[in-house]
Amino acid sequence: MYKIAAVVLCLLLWLPCVRAQTQPAAAQSGIILKLHTPPGQAQHLRGYSYQTSNPDSTTAAQEVVALVYQLQQDAYLLASADSLYLGNDTLHVKLHVGERFEYAQLRNGNLSEGILIESGFREKFYRNVPFKPAEYVKLQQRILNYAERSGYPFASVWLDSISIKDNKIEAALMVEKAFVVTYDSVQVMGGSKTKPKFLMRYLQLQPGQPYNHDQIEATQRMLTALPYIRVTRPPQVRFARDKARVVYFLEDRQANQVDGIVGFLPDPTRKDKLLITGEANLNIRNIKGTGKSIGLQWRRVNKGSVILNGEYLHPNLFGTPFELGTRFSLLKQDSSFITIQPRLQLGYYTLKYGKFSVYGEWRNSRILGAANPQSLRNLDLADARTTTYGFNYLWNNLDDFYFPRRGRLLELDIAAGTKTVLRNADLEKSFYDTLDLRTTQLSISLRTENFFKVSKNSALLARLQGKALLNDQLFLNDMYRLGGLTSIRGFDDYFFYASSYAIGTIEYRLFTAADSYVLLFYDQAYYSSELDKSEESGWPSGVGGGISFSTGAGIFQLVYSVGRSEQQPLLLKYSKIHFGITSKF
């Protein structure tokens, strides 16, 4: 009977069975560990390693406990240290190993087909094999995890009809699901104005849906991706009969943004003069606690060149998990051309795999009247209209939206469509006879960011971003624009034209407060510009540092950078200074 009791105890409680009579630890050093086993049991210790020479008796005793624990996990369930005796410089241990226990048979008691598939349980895997408590616990946990994902958080697993004969265990594996639990509601605590109705739809916790423990854990990552709230505590689940109420502890962040940045650049048209550039942003997020947001951006990148961007996001479209987004962008490049690019996008958030979006985009680029006619004849510029349809995937598990220190962001975008070249009245009709006025265009972009926590107050950012535009007939006003604070620092905004490019960044951030840091960075880029009659490529790089810290009026930012390329040597007179203040409310 003592064997059966010991097996059941080790099996169900999974505790090391160590019985020891010890004397106080010796203060001397150099203790030898000597094991004494009953006849015929020493061979079971082959393959097990332990330190025979230890600095003190306490360390030697710990070696004995670790050995007994390992034996029990390897199916020697009755292994125990029956006595310990310290004599001179030797710790004598009477070790009982016992025989290895095996499964004679572990039958399926009442497991359903779904549980069998999810847990991986098969009766043939549990016949005449060593009984290892750790593996049995893992099997239990797989079954319980499946039950928790299926709406049964109070399920239990046990062995029934246990019989032990000649160290062979025979039992039936049973599960009791209890009762199904469904979601009832979501409660917001902590002072956030975010509506519970919006959270339920965004987190996909619909009333009547079976409770899923993994889903609750996944919602924490989704909440971290929202810029206008801060999670102060892990969520709690409160059960009442067969209903589950999920309580989230949230605080509102000052995410609404009004800011401006001023930049000073050398004026290429006037020596010893500075050209003032600027940027203004307006972002209103989580309007009335519904997750809706609107944004507007204006930028003056150089003399005569202006950018205007707008965006509106409407989550939970018609009460569904889908998000409707609209974008608008306008680029006026001095007196050469103007490009208008609206987009309509439909996104869907998933609990585990990020955000998937599909969109349609309509791009219209027109040459301005003051453009150089020679550029038209050289096929550098052209009037064109492009309609594309694309797919976007975004994964984000950064630990903070604004000041991340750990995590990863990945974004992939693929689009394809048709570009139509429009006839320009300033050119002869015969000029277009040699052109293919209708072509297929493909674009691919990738962005990945990895934040590594270096120490308690510092982090390292490794970022790679790139785009490629594929078309047999590209013009200058089709190209991507590089340079400036958001791409290759150390150059003027939109300094480079590129049909494809890649930018790698290493940035070290030393945090002086939760929302303040000093940074050092290095940007390395490659770009290629493939026009019909010319081709250009280069390896520009930028290096610099900056500071960002909070003030009573907002977050002050200062970035100093200098760049090097074939067009610009690495000289301090070409350095760039950007500073501004971001006011959030």
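Residues numbered from 1 in each chain as written. Predicted model: local features only at pLDDT ≥ 70, side-chain atom pairs only at ≥ 80, totals over all residues. Heavy atoms only, no water.

## What to know about the sheet that holds strand 9 (residues 229–240)
1) Next: Ordered by their spatial adjacency, three strands build an open sheet running 8-10-9, and the pairing between neighbours is mixed. Each edge of the sheet is formed by a strand with only one pairing partner; in this case those strands are strand 8 (182–189) and strand 9. Each strand of the sheet is rotated relative to its neighbour by a mean of 20°, with strand direction disregarded.
2) Next: Strand direction decides the pairing type here: strand 9 and strand 10 (residues 243–252), joined by nine bridges, are antiparallel. Among the inter-strand pairings, Arg238 is bridged to a residue of strand 10, identified as Arg245.
3) Next: In the packing of helix 6 (residues 213–224) onto the sheet, contacts are made with strand 8, strand 9 and strand 10, and the angle to strand 9 comes to roughly 160°. (Pairing = 2+ DSSP bridges. Helix = DSSP H or I, 4+ residues; strand = E, 2+ residues; numbered from the N terminus. Axes fitted to C-alpha atoms, helices over the stretch in contact; angles between N-to-C directions. Contact = heavy atoms within 4.5 Å.)

## Describing helix 4 (residues 133–149)
1) Next: When the terminal C-alpha atoms of helix 4 are compared, their 24 Å separation across 17 residues agrees well with the 24 Å that a helix rising 1.5 Å per residue should span.
2) Next: Along helix 4, the positions that sit buried rather than exposed are Pro133, Tyr136, Leu139, Gln140, Ile143 and Ala147. Each buried residue of helix 4 sits inside an arc of 125° when the element is viewed along its axis, so together they form one side.
3) Next: Residue Gly151 follows helix 4 closely and has a positive phi angle near 95°. (Expected span 1.5 Å × (residues − 1). Buried < 20%, exposed > 50% of the residue type's maximum accessible area, 1.4 Å probe, protein only. Arc of directions from axis to C-beta.)

## Here's the deal with the pairing of strand 13 (residues 292–302)
1) Next: As paired elements, strand 13 and strand 14 (residues 305–314) share nine bridges and run antiparallel to each other. In the strand pairing of strand 14, Arg299 is matched with Ile307.
2) Next: Hairpin connection of strand 13 to strand 14: two residues between the antiparallel strands, including Gly304 at a positive phi of 85°.

## Here's the deal with the packing of aromatic side chains
1) Next: Per the stated rule, a full pass over the model turns up 23 aromatic pairs.
2) Next: A ring pair is formed by Phe154 and Phe179, whose centres lie 5.6 Å apart and whose planes are at 35°; its orientation type is tilted. Placement of Phe154 in the loop between helix 4 and strand 6 (156–165) and of Phe179 in the loop between strand 7 (168–176) and strand 8 is noted, with a sequence separation of 25 residues between them.
3) Next: Taking relative accessible area as the criterion, Phe154 reaches 38% and is therefore assigned partly exposed.
4) Next: With centroids separated by 5.1 Å and ring planes inclined at 65°, the aromatic side chains of Phe491 and Phe496 adopt a geometry described as edge-to-face.
5) Next: The exposure class of Phe491 is buried, given its relative accessible area of 1%.
6) Next: A relative accessible area of 2% means that Phe496 is categorised as buried.
7) Next: Three or more aromatic residues joined by ring pairs make a cluster, and in this case those are Tyr103, Phe121, Tyr126, Phe131 and Tyr136.
8) Next: Above the plane of the ring of Tyr359 lies Arg343, whose end atom (NZ or CZ) is 3.7 Å from the centre.
9) Next: Taking the ring centre of Phe521 as reference, the NZ or CZ of Arg489 above it sits at 3.7 Å. (Phe/Tyr/Trp six-rings, centres within 6.5 Å; stacked < 30°, edge-to-face > 60°. Lys NZ or Arg CZ within 6 Å of the ring centre and 35° of its normal.)

## As for the nonpolar core
1) Next: Core analysis: the largest hydrophobic core is formed by 34 residues, its most contacted members being Leu199, Tyr202, Leu203, Leu205, Leu223, Tyr248 and Leu250.
2) Next: Every element with two or more residues in this core is listed here: strand 8, helix 5 (196–202), helix 6, strand 10, strand 25 (516–530) and strand 28 (554–564).
3) Next: The contacts of Tyr202, once residues within four sequence positions are left out, are Met222, Leu226, Asn316 and Tyr349. (Core = buried A, V, L, I, M, F, W, Y, C linked by side-chain atoms within 4.5 Å.)

## Some words on unusual backbone geometry
1) Next: We note that Asn128 has phi near 55°; this positive angle belongs to a residue other than glycine.
2) Next: The topology assignment puts Asn128 in the loop between helix 3 (113–119) and helix 4.
3) Next: Since its relative accessible area comes to 53%, Asn128 is described here as exposed.
4) Next: The backbone of Asn286 shows a phi angle near 55°, a positive value even though the residue is not glycine.
5) Next: You can see Asn286 is positioned in strand 12 (residues 274–287).

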